[in-house]
Amino acid sequence: MSGEMNKDMAAQAAHKDGFIAALDQSGGSTPKALKLYGVDESAWSNDAEMFDLVHQMRARIIKSPAFTGDKVMGAILFEQTMDRDIDGTPTAQYLWEKRHVVPFLKIDQGLAEAQDGVKLMKPMPTLDALLKRAVAKGIFGTKERSVIDAANPKGIAAVVDQQFEIGKQVLSHGLVPIIEPEVTISIADKAEAEDILLAEIRKHLDQVPAGKQVMLKLTLPTKPNLYKPLVDDPRVMRVVALSGGYSRDDANAKLKQNDGIIASFSRALTEGLSASQSDSEFNAALGSAIDSIFEASRAKKAA
């Protein structure tokens, strides 16, 4: 990737109004994503066929007239999507060149068993090789997810430690990591977990190498504007929010209460899309979803 293109991508990722489309469901969550799209498990007989079907769905989204850098700042891809083409052009290149959408890659290999109220990421022994491929494919940044299920200080510290450790590895390849310690929306002590998480992240930001930035992908907080200090931190390129199981309307309403945070929704983006829709119906449904998430994401500058 040329430095020029990277600079353009960085400017868009850091400053442009818009949101990130999370198109990165992988092994475990793909059947659910397809089912919501109206494609039943009887439509495939093995994983290869299942991934073909989900790639068709993603290509349909990406090629839709509403899916452009005007409102969709970036998109997160699953490794297999990065390795595939859209109309003969590798997906990441297609995203940037044809849609002006910044490509990110989901790099985690799933979650480890729960411990201390959290699920860390599984070990990633081949991460350096994957990051090299990502750079060669024109990817701008990465996303790595772990999960917090309780306000457990020890567990949350372990999650943030691991996230920033991986983040440093990503930065060393010239990519921008989206650090995603998701707090489960249904837990009783969500607000307490978020307070602990904020303190841990602020501690770790001091370790970000000079001149480098990370992005953060966080669950919409119980207390509006809790993460404003992170939005304002010069070492944070962007704070984005995950929908985490909230409906699109709920997620948008919560997002609007948080200044300077933009969306990075997956299920809330594709809600209402169906394989059986005609292209005009599909494009209209996706267009209105994109419009509503874009409006909720518009960077509100604190007066």
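Summary of the structure given here. Quantities reported herein were computed from a predicted structural model and do not represent experimental measurements.

## Focus on the overall build of the protein
Within the protein, the regular secondary structure consists of 12 helices and 11 strands. For 303 residues, the compact-globule estimate of 2.2 N^0.38 gives 19 Å, and the C-alpha radius of gyration of the protein, at 18 Å, lies within 12% of that figure. Along the three orthogonal principal directions, the C-alpha set of the protein runs to about 50 × 45 × 40 Å. Counting every position in the protein, which comprises 303 residues, the buried fraction comes to 52%. Considering only intrachain contacts with a sequence separation of at least 6, the fraction spanning at least 24 residues in the protein is 73%. Treating the 37 positive side-chain charges of the protein as one cloud and the 41 negative ones as another, the clouds have centres 3 Å apart.

## Structural notes on the pattern of salt bridges
The tally for this structure, following the rule as stated, stands at 21 salt bridges. A salt bridge links K35 to D40; its shortest N-O distance comes to 3.2 Å. The exposure class of K35 is exposed, given its relative accessible area of 52%. On the accessibility criterion, D40 (39% relative accessible area) is partly exposed. Linking R84 and D52 is a salt bridge whose minimum nitrogen-to-oxygen distance equals 2.8 Å. Of this pair, R84 sits in the loop between α4 (79-83) and β3 (85-86) while D52 sits in helix α3 (residues 47-63), and the two are 32 residues apart along the sequence. Salt bridges linked by common partners bring D17, E295 and R298 together as one network.

## Regarding the side chain of E200
Positionally, E200 belongs in helix α8 (residues 190-205). For E200, the contacting residues outside a window of four places in its chain are I156, A157 and V160.

## Examining the environment of G74
Within the fold, G74 resides in strand β2 (residues 72-77). Given the relative accessible area of 0%, G74 is considered buried. Sequence separation between G74 and F140 is 66 residues; the distance between their C-alpha atoms is 9.5 Å. Apart from the residues lying within four places of it in its own chain, the contact partners of G74 are F19, I20, A21, V101, V102 and F104.

## Remarks on the packing of α3 against helix α5 (residues 91-99)
For the pair α3 and α5, the least separation of the axes is 11 Å and the interaxial angle reads 15°. Of the possible angle classes, the one that applies to α3 and α5 is roughly parallel. Considering the relative orientation of α3 and α5, their crossing is right-handed. Mapping the contact onto sequence places H55, I62 and K63 in α3 and T91, Y94, L95 and R99 in α5. For the contact of α3 with α5, the per-class residue count stands at three nonpolar, two polar and two charged.

## Focus on the pairing of strand β1 (residues 19-23)
The buried fraction of β1 is high, at five of five residues. As defined by bridge partners, β1 adjoins β2 across five bridges and the pair is classed as parallel. The residue bridging I20 from the neighbouring strand is G74, located in β2. Examined bridge by bridge, β1 and strand β11 (residues 262-265) share two bridges and lie parallel to one another.

Thresholds applied
Residues numbered from 1 in each chain as written. Predicted model: local features only at pLDDT ≥ 70, side-chain atom pairs only at ≥ 80, totals over all residues. Heavy atoms only, no water. Helix = DSSP H or I, 4+ residues; strand = E, 2+ residues; numbered from the N terminus. Rg over C-alpha atoms; globule rule 2.2 N^0.38 Å. Buried < 20%, exposed > 50% of the residue type's maximum accessible area, 1.4 Å probe, protein only. Contact = heavy atoms within 4.5 Å. Lys, Arg positive; Asp, Glu negative; His and termini not counted. Charge placed at Lys NZ, Arg CZ, Asp CG, Glu CD. Salt bridge = Lys/Arg side-chain N within 4 Å of Asp/Glu carboxyl O. Axes fitted to C-alpha atoms, helices over the stretch in contact; angles between N-to-C directions. Parallel < 35°, antiparallel > 145°, perpendicular 65-115°, else oblique. Left-handed = near helix turned anticlockwise from the far one by under 90°. Nonpolar A, V, L, I, M, F, W, Y, C, P; charged D, E, K, R; others polar. Pairing = 2+ DSSP bridges.

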